[in-house]
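Inside the fold
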There are 2 protein chains.
Amino acid sequence: MVTIKDVAKAAGVSPMTVSNVINDHPNVRGSTRAKVLEAMARLDYRVNVAARNLAKGSTGTIGLAVPEVNSPYYSRLAAAIIAAAERRGLRVSIEQTASRDNELDALSLSRNRLYDGLILTAAGMRQADAERLRVDHPVVILGDRIFGAPVDHVAMPNLEASRAATRHLIERGCRRIAFLCGAVEEVDTSSLRLTGYRQALAEAGLSTDPALIQQVDRLGMREGAGRAREMAEGGLDFDGVFCVTDSLAMGVLRGLADAGIRAPDQVKVIGFDNVTESEYFIPSLSTIDPDHDGMAERAVDLLLQRIEQTEPPTRQQDFIGDFSLVIRESTGG
Amino acid sequence: MVTIKDVAKAAGVSPMTVSNVINDHPNVRGSTRAKVLEAMARLDYRVNVAARNLAKGSTGTIGLAVPEVNSPYYSRLAAAIIAAAERRGLRVSIEQTASRDNELDALSLSRNRLYDGLILTAAGMRQADAERLRVDHPVVILGDRIFGAPVDHVAMPNLEASRAATRHLIERGCRRIAFLCGAVEEVDTSSLRLTGYRQALAEAGLSTDPALIQQVDRLGMREGAGRAREMAEGGLDFDGVFCVTDSLAMGVLRGLADAGIRAPDQVKVIGFDNVTESEYFIPSLSTIDPDHDGMAERAVDLLLQRIEQTEPPTRQQDFIGDFSLVIRESTGG
DNA sequence: TTGTAGGCGTTATCAA
DNA sequence: TTGATAACGCCTACAA
C-alpha cells in the first residue's frame, strides 16, 4: 500500500508537506506542489480514509438507518436526505436495520465515529427504548415511534393529515370507511393516524365501526392486497378505505380489482406518503404528501447543528412537517 | 471520549487485556473479564471503529454503490445484496452515485479501506472507463456497461431474456412491437436488449420498423408514461411494447390508459426486472425475472473471494445469471 | 494469563 | 514555506 511517506520520499519532501498538498492548504510553493502531485500520480497514491478519520476525528459522512431498503417510502425518503446532505457537503451512507435490535445497534455504530452523525428512522423501537437514545453522538430520529426521548425529532403531522384524508373520503360521499393500518401500539404511526381517522368521523357525525379497523402486520403491497380480498370476499360492508401507507393502498386497489370491485366507483381509496409510484398507478392514488423534502432538509439541518455544536448540548428539538392532500383518481379525481 | 485506556485504568488492568475482552479472546481469566466488563459498562465505553479499522486493516462491511436509491429495481437489488452479505457475516453500506464521476469516486473510496470491498452497479461508465477499474481493491461490477474490464463481473442474460420477452409478445399475436429503451451506446443494457429484440423479430419473419424503436433519457415511470402518450397520440401503429425496465413499462401502462388505450386488449406490454411492484400493478405486469437473489449471491461470493484471497490475483471472472419469463395480465395473463 | 512495545496512515501543532 | 514530533484509539507480536 502506498502511503503518504512513500510519496514524500519519492518527491523529496516531508510527509507533512504531502498532507498539505492533499488537503489544499495554502502556503505550499507552486513548484513543491507540482513535485508532490507528480509523485502521487506516479505511485498511484490514495488517501487512507480510515487513518484520516482517526486523525481528524470526523468523517464528512452521515449515516441513514432505515428499516427496509426495498420500500417505495424509505427509498423516496433516502433520496430526499441524500439530496439535502449533498447540498451541505455531506455524504450519506445507508444501512438497513430490519429490526429493533439493529436499530439500537445502529445507534452505537454511529457513536463509534464511523459517521459524524446518524439519522435513524425508527420502526421497531418502543417508547420504552427512549432512554437508550441518550447517546453522546449526534442523532436525529425520523418517525413517530418515540416521543420525549432525549434527541432531536422530525415527524409528520399525523393526526391532522389523517383527519384531512378521512374528511376527503367523507366529502366524496363515503359513509363506511375502513381504516387499514399496522399493529396499533402506544404511540406510533398507526395509532396517531387512527386517532385522526376517528376524529374526522366524529366531526362528521359518523359512527366508528370496529369491524372497519383492519390491522395487518406489514405495511406492504402484499398485505394490502390480501386484506382487501378478505374484506371483499368476507362480505364486509365498506365504501372507502384509508390506508396508512401508499404501499398498502396500492395493494388494496389490486385486491379490490381481484375481487371484481371497481375503484373509485364502488370503493374509494386513499393512501399516505405520496410515493413516486402512486402518481402512475391505475387508478392513480389519492394520498397525503408529507413534504419529504422539507422533512429531509430539516433532519439534516438538525443533525448538522449537533455535529457543529461544540458546547453545552442544547435542549432537544421537535419538528413537525407540513402536509398536503393530493387528490387523484382513486377517490374520484 | 472514553478509550480503552480509561477502561484499563478503571479496571486495574492493561489496555491489552481490555482489548482481549472486547474481542472475546480466550486466555482471559473469568474474574478479570468480569472486572473489565463492569468497568466498560460503568464508563459506557464504545469501541472506536475508525481506530479498529486502521489497526486491523479491515472493516467487516462492504460498500454497494448504486446510481439511484429511489428506484424499484435498485431497491430490490440492494435488498438481495444485503441479505446475501448478511448470510456471510458482512454488513453493507449503500451509497448513491448518480453520475459517472461519482462512480469513479466510489471506486477510490473503497480502495481507501473504508470498506473491505465494493459492489458497483455501473450505469454511467463507458467502455472507455474499463481501465480505470484496474484498482488494487476487491471490486465486483454488476451490470452491463463494462466488458473486458480487469474486474469480476455479474450480469444478466440480456440477449436471451430479451429474445424471450419479444417472442412472448409475438406468440400473443403482436405484430407491431415497439421497443422502449434508454440511449443506445456501444455495449449496454439497452443495446444488448435491442439485439435480442431484433433477433426475435427476425426469427419470426417480422421486419424491424425503426419508428418502433423509442429512446428516452431516463428509465423511469415518468418517461414511460410520457412517451406512451406521445406514441399513441402521434398515431404510431403498434400493438405491443417491450420495455427495458419495469418502471418504464408501468409508466407505459399509465400512459396508454391516459390515451384511452386498453392493455392488454389493444396493446400488450412487457417489462424487464420483475420489480416488487409489477405483481400488484393494474394490469399486473408481465416481465423478465432476472433472478436478483442469484445474482446478489454470486456478486457477494465473488467479492468475498477477492477479499479473502491474499496472493496472486487470479483471473477476472464473469457470471451471467438465470432468467425466467413471468406472464401476467399485461400480455393477456 | 497478562503486559510492553511498536505501528497502522494521517493530521495538528509548533518550531525552524 | 517546510518539517519534526506527537497524537488519534486500537491491535499484533512477543515477552514476562
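Residues numbered from 1 in each chain as written. Chains lettered and ligands numbered in written order. Predicted model: local features only at pLDDT ≥ 70, side-chain atom pairs only at ≥ 80, totals over all residues. Heavy atoms only, no water.

In the annotation of an unreviewed UniProt entry, the entry for chain A reads LacI family transcriptional regulator, and the organism field reads Streptomyces spinoverrucosus.

Moving on, we come to the protein's contact with DNA strand C. Around DNA strand C there are 24 residues in total, and Ile4(A), Met16(A), Tyr45(A), Thr17(B) and Thr32(B) lie nearest to it. The sugar-phosphate share of atoms of DNA strand C within 4 Å of the protein amounts to 72%. Ile4(A) is positioned with one of its backbone polar atoms (N or O) 2.6 Å from a phosphate oxygen of DNA strand C. Here Arg29(B) contributes a backbone N or O atom positioned 2.9 Å from a phosphate oxygen of DNA strand C. Counting only elements with at least two residues in the surface near DNA strand C, the list comes to helix H2 (15-22) and helix H4 (49-56) of chain A together with helix H2 (15-22) and helix H4 (49-56) of chain B. (Near = heavy atom within 4 Å. Polar contact = N/O pair within 3.5 Å; in protein donor to acceptor, adjacent residues only side chain to side chain. Helix = DSSP H or I, 4+ residues; strand = E, 2+ residues; numbered from the N terminus.)

With 17 residues, helix H11 (residues 292-308) of chain A ought to run about 24 Å at 1.5 Å a step, and its terminal C-alpha atoms sit 24 Å apart, in line with that. Structurally, H11(A) contributes buried residues whose contacts are with strand S1 (61-66), helix H5 (72-87), strand S3 (117-121), strand S4 (139-142), strand S5 (152-155) and strand S10 (287-289) of chain A. (Expected span 1.5 Å × (residues − 1). Contact = heavy atoms within 4.5 Å.)

Every one of the 23 residues lining DNA strand D counts as a neighbour, but Thr17(A), Thr32(A), Ile4(B), Met16(B) and Tyr45(B) are closest to it. Backbone polar atom of Arg29(A) to a phosphate oxygen of DNA strand D: 2.9 Å apart, as the coordinates give it. Within the contact set of DNA strand D, a phosphate oxygen lies 2.3 Å away from a side-chain nitrogen or oxygen of Tyr45(B). For the surface near DNA strand D, the elements supplying multiple residues, two or more each, are H2 and H4 of chain A together with H2 and H4 of chain B. Ranked by residue count, the leading element in the surface near DNA strand D is H4(B), at four residues.

The next thing to look at is the UniProt feature "domain: HTH lacI-type" (unreviewed entry) in chain A. Per the UniProt record, "domain: HTH lacI-type" (unreviewed entry) is found at residues 2-56 of chain A. Between the C-alpha atoms that bound residues 2-56 of chain A the distance is 20 Å, and the span itself is 69% helix and 0% strand. (UniProt positions renumbered as here; feature names shortened; annotations may be inferred.)

Another point: the sheet that holds strand S9 (residues 268-270) of chain A. Residues and elements named next belong to chain A. The four strands lie next to each other as S7-S6-S8-S9, forming an open sheet whose pairing is parallel. In the strand order of this sheet, the two ends are held by strand S7 (213-215) and S9, each with one partner. Strand-to-strand twist of the sheet, defined as the mean angle between neighbouring strand axes without regard to direction, takes the value 20 degrees. Bridge count between strand S6 (residues 177-181) and strand S8 (residues 240-243): four bridges; the pairing is parallel. Bridging across to S8, alanine 178 finds its partner in valine 241. Set on the sheet, helix H7 (residues 158-171) makes contact with S6, S8 and S9; between it and S8 the angle comes to about 165 degrees. In the packing of helix H10 (residues 246-258) onto the sheet, contacts are made with S6, S8 and S9, and the angle to S9 comes to roughly 160 degrees. (Pairing = 2+ DSSP bridges. Axes fitted to C-alpha atoms, helices over the stretch in contact; angles between N-to-C directions.)

Facing 47 residues of chain A, the contacting portion of chain B comprises 47 residues. With both sides pooled, the region where chain A packs onto chain B buries about 4,400 Å², and carbon together with sulfur makes up 58% of that total. When residues of chain A are sorted by the area they lose upon contact with chain B, Arg254(A), Tyr280(A) and Ile282(A) head the list and together hold 17% of the total. One can count 11 residue pairs in polar contact (both at pLDDT 80 or more) joining chain A with chain B. (Buried area = accessible area lost by both parts, 1.4 Å probe.)

If you look at the biggest cluster of nonpolar residues, it comprises 142 residues, and the most contacted ones within it are Val269(A) and Val269(B). Here Val269(A) is in contact with Val241(A), Cys243(A), Ala249(A), Val252(A), Leu253(A), Leu256(A), Leu285(A), Ser286(A), Ser330(A) and Thr331(A), once residues within four sequence places are set aside. (Core = buried A, V, L, I, M, F, W, Y, C linked by side-chain atoms within 4.5 Å. Buried < 20%, exposed > 50% of the residue type's maximum accessible area, 1.4 Å probe, protein only.)

A word on the relation of the copies chain A and chain B. For these two chains of identical sequence, chain A goes onto chain B by a turn of 180 degrees and a shift of 0.1 Å along the axis, with RMSD 0.1 Å. Here the two chains are linked by the operation of a two-fold rotation axis. For chain A, the residue whose C-alpha comes nearest the rotation axis is Ile94(A), separated from it by 2.4 Å. A shared interface surface links the copies, since 100% of the contact residues of chain A are contact residues in chain B too. (Least-squares fit on C-alpha atoms with pLDDT ≥ 70 in both.)

According to the domain assignment, chain A consists of domain 1 (4-47), domain 2 (61-156 + 292-321) and domain 3 (158-289). For domain 1 of chain A versus domain 3 of chain A, the distance between C-alpha centres works out to 62 Å. (Domains from an automatic or database assignment.)

Turning our eyes to something else, we now look at the packing of aromatic side chains. With the rule as written, the count across this model stands at seven aromatic pairs over all chains. Counting every residue linked through ring pairs, the aromatic cluster contains Phe179(A), Tyr197(A) and Phe242(A). Here the guanidinium or amino end of Arg193(B) rests over the ring plane of Phe272(B), the centre of that ring lying 3.5 Å away. (Phe/Tyr/Trp six-rings, centres within 6.5 Å; stacked < 30°, edge-to-face > 60°. Lys NZ or Arg CZ within 6 Å of the ring centre and 35° of its normal.)

All right, on to the sheet that holds strand S6 (residues 177-181) of chain B then. Residues and elements named next belong to chain B. Strand order in the open sheet formed by four strands is S7-S6-S8-S9, and the pairing between neighbours is parallel. This sheet does not close on itself; its edge strands, each paired only once, are strand S7 (213-215) and strand S9 (268-270). Each strand axis lies, on average, 20 degrees off the axis of its neighbour in the sheet, ignoring direction. The sheet contact formed by S6 and S7 spans three bridges and is parallel. In the strand pairing of S7, cysteine 181 is matched with glutamine 215. Lying over the sheet, helix H7 (residues 158-171) contacts S6, strand S8 (240-243) and S9, oriented at roughly 165 degrees with respect to S8.

What follows covers the packing of helix H9 (residues 221-233) of chain B against helix H10 (residues 246-258) of chain B. All names here are of chain B. Following both chains from N to C, one finds H9 and H10 inclined at 40 degrees, their axes separated by 6 Å at the closest point. Compared by their axis directions, H9 and H10 come out oblique. Regarding H9 and H10, the two cross each other, and that crossing is right-handed. The residues of H10 that touch H9, namely those facing Met221, Glu223, Gly224, Ala225, Ala228 and Arg229, are Ser247, Leu248, Met250, Gly251, Val252, Arg254, Gly255, Leu256 and Asp258. (Parallel < 35°, antiparallel > 145°, perpendicular 65-115°, else oblique. Left-handed = near helix turned anticlockwise from the far one by under 90°.)

This part is about the environment of Asp239(A). All names here are of chain A. With respect to the helices and strands, aspartate 239 occurs in the loop between helix H9 (221-233) and S8. Residue class for aspartate 239 comes out partly exposed when judged on its relative accessible area of 22%. Sequence separation between aspartate 239 and alanine 85 is 154 residues, and the spatial gap between their C-alpha atoms is 43 Å. Look past the residues within four positions of aspartate 239 in its chain and what remains in contact with it is Gly173, Cys174, Arg175, Arg176, Ile177, Gln266, Val267 and Lys268. A distance of 2.9 Å separates a polar atom in the side chain of aspartate 239 from the backbone nitrogen of arginine 175. Polar side-chain contacts of aspartate 239 include one of 2.8 Å to the backbone nitrogen of arginine 176.

Further remarks concern the pairing of strand S2 (residues 91-96) of chain B. Every other side chain in a regular strand lies on the same face of the sheet, so the side chains alternate between the two faces. Residues and elements named next belong to chain B. One ladder, built from six bridges, connects strand S1 (residues 61-66) with S2; its direction is parallel. Across the sheet, residue threonine 61 finds its bridge partner in S2, namely arginine 91. After leaving S1, the chain enters helix H5 (residues 72-87) and then returns to the sheet as S2, a path that is right-handed. (Right-handed = clockwise from strand over helix to strand, strands pointing away.)

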